[in-house]
Amino acid sequence: GLRRSGRSIRAASFLRTMKTTKIRQRVRFDATPLKVYHALMSSRTHSAFTGLTARIATKVGGKISVFDGYGSGVNLKLERGKRIVQTWKPIEEGWPEDHFSEVEFRLKAKGSGCELDFIHRKIPATLKKQFADGWCRYYWEPMKAMFERG
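Here is a short report on the structure shown in this document. (Residues numbered from 1 in each chain as written. Predicted model: local features only at pLDDT ≥ 70, side-chain atom pairs only at ≥ 80, totals over all residues. Heavy atoms only, no water.)

**Structural notes on the side chain of D117**
Going by this rule: Elements are defined by DSSP. Helices are runs of H or I of four residues or more, strands are runs of E of two residues or more, and each kind is numbered from the N terminus. Only protein chains enter the area calculation, which uses a 1.4 Å probe; residues under 20% of their type maximum are buried, those over 50% are exposed, and those in between are partly exposed. Contacts are assigned to residue pairs that have any heavy atoms within 4.5 Å of one another.
Positionally, D117 belongs in strand β7 (residues 113-124). Owing to a relative accessible area of 14%, D117 belongs among the buried residues under this scheme. D117 has contacts with Q25, R26, E104, F105, R106 and K108, leaving out every residue within four places of it along the chain.

**Looking at the layout of surface pockets**
Where we set the bar: With a 1 Å grid laid over protein atoms only, a set of points is called a cavity when a 1.4 Å probe fits there but cannot get out and a pocket when it is open yet has protein on both sides within 12 Å along at least five of seven lines; lining residues have an atom within 4 Å of a point. Grid points are joined across faces, edges and corners, and a volume is the space filled by probe spheres set on the points. Amino acids outside the nonpolar list (Ala, Val, Leu, Ile, Met, Phe, Trp, Tyr, Cys, Pro) and the charged list (Asp, Glu, Lys, Arg) are all regarded as polar, and Gly is one of them.
Its volume calculated, the largest pocket comes out at about 220 Å³. Looking at the lining of the largest pocket element by element, the count peaks at 8 residues for helix α4 (residues 128-149). In terms of residue class, the lining of the largest pocket is made up of 7 nonpolar, 2 polar and 3 charged. Put simply, the second largest pocket is a space of about 160 Å³. Every residue along the wall of the second largest pocket is listed here: D30, A31, K35, H38, A39, T45, M146, F147 and G150. Here the lining of the second largest pocket gets 3 residues from one element, more than from any other, and that element is helix α2 (residues 33-41). Class assignment for the residues of the lining of the second largest pocket results in 4 nonpolar, 3 polar and 2 charged.

**Brief notes about the nonpolar core**
Soluble, globular proteins show a tendency: their nonpolar side chains are buried together. Cut-off, in case you're wondering: Here, the term nonpolar core denotes a set of buried Ala, Val, Leu, Ile, Met, Phe, Trp, Tyr and Cys residues that are joined through side-chain atoms within 4.5 Å.
Grouped together as the largest cluster of nonpolar side chains are 34 residues, with contacts concentrated most on V36, F105, W135, Y139, W140 and M143. Secondary structure elements with two or more residues in this core: β1 (20-29), α2, β3 (63-66), β5 (83-90), β6 (101-110), β7 and α4. In terms of residue count, α4 provides more of this core than any other element does, 8 residues in total. Those residues within four positions of F105 in sequence are excluded, and the remaining contacts are L40, K82, R83, I84, Q86, L116, D117, F118, W135 and W140.

**Thoughts on the packing of aromatic side chains**
This is how it is decided: Within 6.5 Å between ring centres, the rings of Phe, Tyr and Trp (the latter by its six-membered ring) count as paired, and their orientation is classed by plane angle as stacked under 30 degrees, edge-to-face over 60, tilted in between.
By the definition in use, this model includes 17 aromatic pairs. Ring geometry for F118 versus W140: centroids 5.2 Å apart, planes at 70°, classification edge-to-face. Of the two residues, F118 sits in strand β7 while W140 sits in helix α4, which places them 22 residues apart along the sequence. On the basis of relative accessible area, F118 is assigned to the buried category, the value being 1%. Judged by relative accessible area, W140 falls into the buried class, the value being 3%.

**Some words on helix α3 (residues 43-50)**
In plain terms, the rule: Arc, as used here, means the arc of the directions from the helix axis to the C-beta atoms.
Looking only at α3, the buried set comprises T45, H46, F49 and T50. One face of α3 carries all of its buried residues, which in axial projection span an arc of 120°. Away from the buried face of α3 by more than 90 degrees, exposed residues R44 and A48 are located. Those residues of α3 hidden inside the fold are in contact with α2, β2 (55-56), β3 and α4. Just downstream of α3, G51 is the residue with a positive phi angle, here 80°.

Shown next as structure tokens:
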């Protein structure tokens with residue numbers, strides 16, 4: 001049967017009325033699309049560039065956990081060296097615990113490097129700037145530094 005606790009009705013109502021938005025970012029890396037894909041999808045490499053534990057399944061339907069469990073989700077689409085689509089949910093104040101967003105990483109060769117088109121959909125609108133800054137600070141900058149070191 002359907003549970004009708006006050007909390008679940010309030011949560012469902014809040015999610016229907018919560019304004020969401022998306023972030024689009026384009027980033028260039030001095031690495032091949034396959035190396036960028038590997039950095040995002042390898043538990044070991046992801047842990048190395050963030051400095052925090054990552055457990056990333058490499059198959060569609062597999063679970064992901066990054067930043068010592070701060071972010072979690074599931075792989076929806078994987079095209080090796082080209083595209084990653086995942087559900088994504090952080091443990092963050094202002095982010096409803098049962099709300100999943102979606103991240104998409106599109107990779108393509110550009111000169112000797114890689115261009116990443118990134119889209120983060122269904123973010124609570126009040127958190128847009130925080131997450132836009134966070135992707136740069138905690139992903140793109142450390143990834144660029146890692147690729148520069150070789």
